[in-house]
Amino acid sequence: MTPTIGRTAPLVHRDNRMLAAVLACAAVLCATSQDSLMKYLSGGYPIHELLVIRSAAAVPIIMSIVLTQGGIRSLATPYIGLALLRGLILFVGFMSFALAFAALPLADVVTIYFTMPFFVAALAAPVLGERVGAARWLAIVAGFLGVLVMLQKDADLSQPMTLVAGLADPAALLALLSAASYGVGQLMGRPLGRHVPPAVMAFHQNLVYLCVCIVLALVFWAWAPTEVENKSIRFLTRPWIVPPAGDIPIVAAIAVLGSLAMPLFSGAYKYAEASFVAPFEYTSMFWAVVFGLLLFGDFPGPATWIGSAVIVAAGLFMIVMDRRTGAIAGETP
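Residues numbered from 1 in each chain as written. Predicted model: local features only at pLDDT ≥ 70, side-chain atom pairs only at ≥ 80, totals over all residues. Heavy atoms only, no water.

Draft legend 1. Representation of the overall build of the protein chain. Across its full length, the protein chain carries 13 helices and zero strands. Starting at the N terminus, the α and β elements of the protein chain follow one another as α-α-α-α-α-α-α-α-α-α-α-α-α. Within the protein chain, contacts between residues separated by at least 24 positions form 85% of all contacts whose residues are at least 6 apart in sequence. For the protein chain, the exposed area adds up to about 14,800 Å²; of that, 72% sits on carbon and sulfur atoms. (Helix = DSSP H or I, 4+ residues; strand = E, 2+ residues; numbered from the N terminus. Contact = heavy atoms within 4.5 Å. Areas by Shrake-Rupley, 256 points an atom, 1.4 Å probe, with all protein chains shown as cover.)

Here it is, written out as structure tokens:
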């Protein structure tokens, strides 16, 4: 999944909820399509190769936005260290997400990713000093119970003591690491967004992705382990390969879709408040199921549907309660 950039930066445009909804849905479709195609190629390509191509393709798009919003000098922000650190944390999140969907159905990984708002809510108190009320803690607990339920493919859901066993799957732990990393990145984006434009944060984030993946490509070109059975590890450690002619359109589509998702997400959160836009990100569950069925023949079982419903309900409950709290406190809804 592609993370949103600087959601909390001050809005400088007049709100347009219809436009925000369209942009959010388009961003989700681009991001989920990109993830589906990357999963499709995960059996023959290394993740670092796909990310180098995607990140390189994103450079001109992001640079065009930087030039129109703040100029080239805005890249030399005094907060460049924090921007790069945030980019590195988000890189860990995306890499974990990609390695997880190499081994798990895409719908499962997307569902676990939706625990990200719960990590944000849980860390808001110790990191930002925000008060976390009882409603948030209730949503956090419910969300993680939903993850435990969905990971039980063949277990008896009436036996609570068997629920934790699903977390023993390394791919599930990678998906949770992805959600936690994105959550930390979002927390950093709140204060950083007051000083650094979204396009500048996107540029430095993309720069980290590109540089780290070039290093990984060089490392695994010089040394690549053989006879690796784990799908996630194989996706990470394969050496770079030249795409055959039949795969070039797919690789190009990944680059284009990933490049479009970032500015579309930024636009969505620019034209409407986060509490309005965030629920539209849940549409990625629909696309994950559709692409999983069409490309891989994966159809979620009962445990996935039940866990997904719990996570989505908990997330929407937290958004609604935060919105009401903000309205009571006199904040702009």
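Right, picking up where we left off after that structure.
Draft legend 2. Main features of the environment of Val184. Take Val184: it is sitting in helix H7 (residues 170-192). Relative accessible area serves as the criterion here: at 29%, Val184 is assigned to the partly exposed category. For the pair Val184 and Arg86, spaced 98 residues apart in sequence, the C-alpha to C-alpha distance is 8.2 Å. Not counting chain neighbours up to four residues away, the residues in contact with Val184 comprise Ile89 and Leu123. (Buried < 20%, exposed > 50% of the residue type's maximum accessible area, 1.4 Å probe, protein only.)

Draft legend 3. A look at the packing of aromatic side chains. The final tally for this structure, using the stated rule, is eleven aromatic pairs. Aromatic side chains Phe94 and Tyr209 sit 6.1 Å apart centroid to centroid with 45° between the ring planes, which places their arrangement in the tilted category. With Phe94 in helix H3 (residues 80-101) and Tyr209 in helix H8 (residues 198-222), this residue pair connects regions lying 115 residues apart in the sequence. A relative accessible area of 0% places Phe94 in the buried class. Residue Tyr209 is classed as buried on the basis of its relative accessible area, which comes to 1%. An aromatic cluster is defined as three or more aromatic residues linked by ring pairs; in this entry it consists of Phe97, Phe101, Tyr113, Phe114, Tyr182, Phe235 and Tyr282. Over the ring of Phe296 we find Lys39, and its NZ or CZ is 5.1 Å from the ring centre. The ring of Phe94 is capped by Arg54, whose NZ or CZ atom sits 4.9 Å from the centre of that ring. (Phe/Tyr/Trp six-rings, centres within 6.5 Å; stacked < 30°, edge-to-face > 60°. Lys NZ or Arg CZ within 6 Å of the ring centre and 35° of its normal.)

Draft legend 4. Region of interest: the environment of Thr77. Summarising the element assignment, Thr77 is placed in the loop between helix H2 (47-69) and H3. A relative accessible area of 8% means that Thr77 is categorised as buried. As for Thr77 and Pro197, which are separated by 120 residues in sequence, their C-alpha atoms are 9.5 Å apart. When sequence neighbours within four positions are dropped, the list of residues in contact with Thr77 reads Val196, Val200 and His204.

Draft legend 5. Structural context of the side chain of Ser232. Position of Ser232 relative to the elements: it lies in helix H9 (residues 231-237). For Ser232, the contacting residues outside a window of four places in its chain are Leu99, Ala100, Ala102, Ala103 and Leu174.

Draft legend 6. Just the packing of H3 against H8, in detail. Where H3 meets H8, the closest approach of the two axes is 8 Å, and the angle between their N-to-C directions is 60°. Considering their axes alone, H3 and H8 lie oblique with respect to each other. Considering only the axes of H3 and H8, their crossing is right-handed. For the pair H3 and H8, contact is made by Ile80, Ala83, Leu84, Arg86, Gly87, Leu88, Leu90, Phe91, Phe94 and Met95 and by Met201, His204, Gln205, Val208, Tyr209, Val212, Cys213 and Leu216, respectively. (Axes fitted to C-alpha atoms, helices over the stretch in contact; angles between N-to-C directions. Parallel < 35°, antiparallel > 145°, perpendicular 65-115°, else oblique. Left-handed = near helix turned anticlockwise from the far one by under 90°.)

Draft legend 7. Spotlight on a nonpolar patch on the surface. There is a patch of nonpolar side chains on the surface, built from Tyr79, Leu82, Leu85 and Leu88 and spanning about 330 Å² of accessible area. Tracing the sequence through the fold places Tyr79 in the loop between H2 and H3. Overall, the relative accessible area of 32% leaves Tyr79 in the partly exposed class. (Patch = residues over 30% accessible without salt bridge, like charges linked within 9 Å, V, L, I, M, F, W, Y side chains within 5 Å. Salt bridge = Lys/Arg side-chain N within 4 Å of Asp/Glu carboxyl O.)

Draft legend 8. Summary view of the confidence of the model for the protein chain. Counting all residues, the mean pLDDT for the protein chain is 80, and 84% of those residues have values of 70 or more. Per-residue pLDDT, averaged within each element of the protein chain, yields its smallest value for helix H11 (residues 274-277) (69) and its largest for H3 (93). Confidence drops under pLDDT 50 across residues 3-12; counting only partners more than four residues distant or on other chains, this segment forms 32 contacts. With pLDDT under 50 throughout, residues 327-333 is counted as low confidence; its partners more than four residues away or in other chains account for four contacts. (pLDDT = per-residue confidence, 0-100.)

Draft legend 9. Molecular detail of the packing of H3 against H7. Two elements in contact, H3 and H7, have axes separated by 7 Å at closest approach and are oriented at 155°. Judged by the inter-axis angle, H3 sits roughly antiparallel to H7. Handedness of the H3/H7 crossing: left-handed. Grouping the amino acids of the contact of H3 with H7 by side-chain chemistry returns 18 nonpolar, six polar and one charged. (Nonpolar A, V, L, I, M, F, W, Y, C, P; charged D, E, K, R; others polar.)

Draft legend 10. Seen up close, the nonpolar core. Membership of the largest hydrophobic core comes to 58 residues, with the highest contact counts inside it found for Met38, Ile47, Leu50, Leu51, Phe101, Ile112 and Phe235. The dominant element in this core, judged by the number of residues it contributes, is H3, at nine residues. When residues no more than four places from it in sequence are discounted, the contact partners of Met38 are Ile47, Leu50, Leu51, Phe94, Phe101, Phe235 and Ile254. (Core = buried A, V, L, I, M, F, W, Y, C linked by side-chain atoms within 4.5 Å.)

Draft legend 11. Quick peek at the side chain of Ser181. With respect to the secondary-structure elements, Ser181 resides in helix H7. According to the relative accessible area criterion, Ser181 is buried, its value standing at 8%. Once you skip the residues sitting within four places of it in the chain, Ser181 turns out to touch Ile89, Leu90, Val92 and Gly93.

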